[in-house]
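Letter by letter, the chains look like this.
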Amino acid sequence: MSEIAKLEVGGKVYEFPIYTGTEDESAIDISKLRGVTEGVITIDRGYKNTGSCLSEITFLEGEKGILRYRGYSIEELAEKADFLEVAFLLIFGELPTQEQLDKFNSDIKKNSVVDDDIKKIIDAFPKSAHPMGVLSSLTSALTAFNPGAVDIDSEEDMYNSVVGILGKFPVLVAWTMRKKQGLPLDYGKKSLGYIENLLKMMFKQPNEKYIQNPIIVNALDKLLILHADHEQNCSTSTVRIVGSSHAGLFASLSAGISALWGPLHGGANQAVLEMLEGIKKDGGDTNKYMAKAKDKNDPFRLMGFGHRVYKNFDPRAKIIKKAADEVLGNLGVKDPVLDIAEGLESQALADDYFVARKLYPNVDFYSGIIYRAMGIPTDMFTVMFALGRLPGWIAQWKEMRLNNEPIGRPRQIYTGESLREFVPVEKR
Ligand code: CMC
């Protein structure tokens, strides 16, 4: 491809350089467009054609269903790595040596105590509060207990902030769930691994020992890896844009959690299960819901289908489907919504509407079924997604700050009224 793009505006031709990425992706650099054309900007609603940054973290090729973190394929990472190794890889750029991993693990453990006053904040929420709202508030509240800003020029300070949030976040996740269930808030055990400790904090009953199930530990580890980063999605872009004003790490993460909450993004995992339950209650007629999804006068969408970037199978969905079969099989769970999900999937994959629009199952289509088999309540599904996405958000925030990205501030085309005279209230 040529290294220059030419654009004609009002009879004048302007030239813009073209960036080429490692995998031959191309982008026209229009950063000088407004200056040279004296006022012309681009409009790209939903940023469908806009690259917001250059990034070395995650490569995604939607047409081919490829996802890689720092060059490693998601399939290989899900099979061979554990979540903390992947977190280290995303945040620091390379897979850790055993020594680095042991230190990372132990530093995270050292940081896994939150200020006891956090409990007072949790107490103030009604039980009806959605866990995503609670998690976002608690993450933001961490700023109050750790007021110093991260010194981005200090590697040590950056490292301490990373292990700080990775240590505290699982506590907030577990406590958010337990509070809603009226259970005492538990700190887990320092000797346990990251995932085992999370499960203990979430599920230990006050009057009995918590027994780990390796199948659940392994499946959760895999799920978190699959969710760990996904380049410039809605929540990650939110974290970057909030951080670009030099707001702190916790404030930026809290904003990312709010963005993830929506049903078109991370909230889809909750929406999928509610949809499957709804279909089951309504007699299990998947044809009826397929017709609704295709009817342009009906707002119903097949949740867990379609993706802004993947126009092929979401590679994460393939791994999750396999994991769902294994977990349900191993735990001996027969979940009728799995049959409905499989029915919808096979119908959609053979349906002209879905085929023409390249709508395939996404990461959220089967994850809820696994979470449910693990005993995680439906309204906690997106919280689990947030826990998985945490390393990605941190890595992207860190990269954005270290690259000295300018404050994110898009422009607009104004389509409102032209200048008009104020009319006093009695004359309107
Ligand atoms: N069911 C029915 N029709 C759909 C669906 C769906 N799930 N998704 C897209 N379409 C149709 C849409 O109506 C449009 O049709 P037409 O061209 O006739 O107007 C066409 O497909 C393109 O859709 P779009 O809304 O322009 O695509 P988008 O890139 O803006 O939206 C999406 C992507 C994920 C928001 C959308 O596919 C969707 O709403 N899916 C359901 C929610 C969901 O599962 N979200 C989780 C995404 S994966 C987790 C994450 O990383 O966030």
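Our subject is the structure that appears above.
Definitions and limits used
- Residues numbered from 1 in each chain as written.
- Predicted model: local features only at pLDDT ≥ 70, side-chain atom pairs only at ≥ 80, totals over all residues.
- Heavy atoms only, no water.
- Buried < 20%, exposed > 50% of the residue type's maximum accessible area, 1.4 Å probe, protein only.
- Helix = DSSP H or I, 4+ residues; strand = E, 2+ residues; numbered from the N terminus.
- Pairing = 2+ DSSP bridges.
- Axes fitted to C-alpha atoms, helices over the stretch in contact; angles between N-to-C directions.
- Contact = heavy atoms within 4.5 Å.
- Near = heavy atom within 4 Å.
- Polar contact = N/O pair within 3.5 Å; in protein donor to acceptor, adjacent residues only side chain to side chain.
- Areas by Shrake-Rupley, 256 points an atom, 1.4 Å probe, with all protein chains shown as cover.
- Phe/Tyr/Trp six-rings, centres within 6.5 Å; stacked < 30°, edge-to-face > 60°.
- Lys NZ or Arg CZ within 6 Å of the ring centre and 35° of its normal.

(A) Looking closely at the pairing of strand β5 (residues 66-69). Side-chain alternation along β5 places Leu67 and Tyr69 on a buried face and Ile66 and Arg68 on a face that remains uncovered. Across four bridges, strand β4 (residues 58-61) lies against β5 in antiparallel orientation. Looking at the pairing, phenylalanine 59 lines up with arginine 68 of β5. Bridge count between β5 and strand β6 (residues 72-73): two bridges; the pairing is antiparallel. Bridged to tyrosine 69 within β6 is tyrosine 72. The antiparallel pairing of β5 with β6 creates a hairpin that spans two residues between the two strands, and arginine 70 there sits at a positive phi of about 50°.

(B) Main features of the packing of helix α6 (residues 131-145) against helix α18 (residues 381-402). Close contact between α6 and α18 brings their axes to 8 Å; oriented N to C, the two are set at 35°. Touching Pro131, Met132 and Leu135 of α6 are Thr382, Val383 and Ala386, all from α18.

(C) Geometry of unusual backbone geometry. Notably, aspartate 24 is not glycine yet its phi reads approximately 70°, a positive angle. Assignment of secondary structure puts aspartate 24 in the loop between β2 (12-20) and β3 (26-28). For aspartate 24, a relative accessible area of 63% puts it in the exposed group. Unlike most non-glycine residues, histidine 246 shows phi in positive territory, near 70°. Its place among the elements puts histidine 246 in the loop between α10 (234-243) and α11 (249-261). Using a relative accessible area of 48% as the deciding quantity, one classes histidine 246 as partly exposed.

(D) Spatial organisation of the site of the ligand. Surrounding the ligand, one finds 22 residues, the nearest of these being His265, Arg301, Leu302, Gly304 and Arg308. Contact distances for the ligand include 2.9 Å between a nitrogen atom and a backbone N or O atom of phenylalanine 305. For the ligand, the protein covers 79% of the area, taking 940 Å² as the surface of the free molecule.

(E) Main features of the packing of aromatic side chains. Inspection of the entire model under this criterion finds 14 aromatic pairs. Taking the centre distance of 5.9 Å and the plane angle of 35° together, the rings of phenylalanine 92 and tyrosine 159 count as tilted. Here phenylalanine 92, found in helix α3 (residues 83-92), pairs with tyrosine 159, found in helix α7 (residues 155-180); they are 67 residues apart in sequence, far enough to count as distant. Through a chain of ring-to-ring contacts, three or more aromatic side chains come together here, namely Phe305, Tyr353, Phe354, Phe365 and Tyr366. The aromatic ring of tyrosine 366 is capped on one face by lysine 321, whose charged end is 5.5 Å from the ring centroid.

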